[in-house]
Structure formats: C-alpha cells, structure tokens
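These are the residues of each chain, in order.
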Amino acid sequence: FVSFRYFISRQTRASLTFRGFVGYFMSESGVQVHLRSVGEAAALKKTKFRIDGNKSIHEVEKFLRKQLKHEGSIFLFCGSGFSPTPDQILKDLFDNFETGGELVVHYGYQEAW
C-alpha cells in the first residue's frame, strides 16, 4: 500500500507543507472540496482540496480567511444557495450536495443568493 503523499510531486508537497496543509488539512480518504469565489471575493490559485470529512465547514472558513487575508465576513454556500452553519461536518454536506465527485463550496464577502 502506497501513501497518497508519494503521488504528489516534490515541489507540490513542499508548497503544501509550507502553507501548513499536509497532515492537518489534506487527507487521503477525505472529501474533495472545490472552492469557487463569488462576487468581489478574490479567487484562489488552487481551488480543489481533499479535506478530512470529519472536519467542520468552519475549518474551511478559517482556511479561507487565512488565504485571502480577509477579516470581514465570509459567506459560504453549498448547492444553489444553501448556507451551512459553522458546525456542519463536511462528509454530511458532501452526502447532500455532492456534484461530480466533489463538494462545490462558493464563497464571497456578501450574500450572493
């Protein structure tokens, strides 16, 4: 059995380690999350992440705040307009809003829907 880590290039692994993702945010058996910006929110360079399904959506929000360096409100949406509460678990959201094998989460600085 070969770990997921060996399939990531050395440069990508170094980049992810630098940002603090490996071991905390990424998971072999997690949920594929696709983050899409809405409105005036800045777009991320890398938009797809595999995240441990037992983490809450609040962890995604904290990650976005750190990456975007934004201190104001960040609104998250799943599906077409559902706004999850911070304590909702990613694997539950994935079960309900999965599209093409991934959980699409739209984020913005204002309510979009």
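Residues numbered from 1 in each chain as written. Predicted model: local features only at pLDDT ≥ 70, side-chain atom pairs only at ≥ 80, totals over all residues. Heavy atoms only, no water.

**Some words on the overall build of the chain**
Inference 1: Per the secondary structure count, the chain includes three helices and five strands.
Inference 2: Start at the N end of the chain and walk to the C end: the helices and strands fall as α-β-β-α-β-α-β-β.
Inference 3: Classification of the 113 residues of the chain by burial places 37% in the buried group.
Inference 4: Of the contacts made within the chain by residues no fewer than 6 positions apart, 63% connect residues no fewer than 24 positions apart.
Inference 5: Surface summary for the chain: the accessible area is close to 7100 Å², and the carbon and sulfur share equals 50%. (Helix = DSSP H or I, 4+ residues; strand = E, 2+ residues; numbered from the N terminus. Buried < 20%, exposed > 50% of the residue type's maximum accessible area, 1.4 Å probe, protein only. Contact = heavy atoms within 4.5 Å. Areas by Shrake-Rupley, 256 points an atom, 1.4 Å probe, with all protein chains shown as cover.)

**Some words on unusual backbone geometry**
Inference 1: Even without being a glycine, K69 presents a positive backbone phi close to 55°.
Inference 2: Position of K69 relative to the elements: it lies in the loop between helix 2 (57–68) and strand 3 (75–78).

**Re the environment of S73**
Inference 1: Within the fold, S73 resides in the loop between helix 2 and strand 3.
Inference 2: Residues S73 and Q110, 37 residues apart in the sequence, show an inter-C-alpha distance of 7.5 Å.
Inference 3: Among all residues touching S73, those that are not within four sequence positions of it are R65, G108 and Y109.

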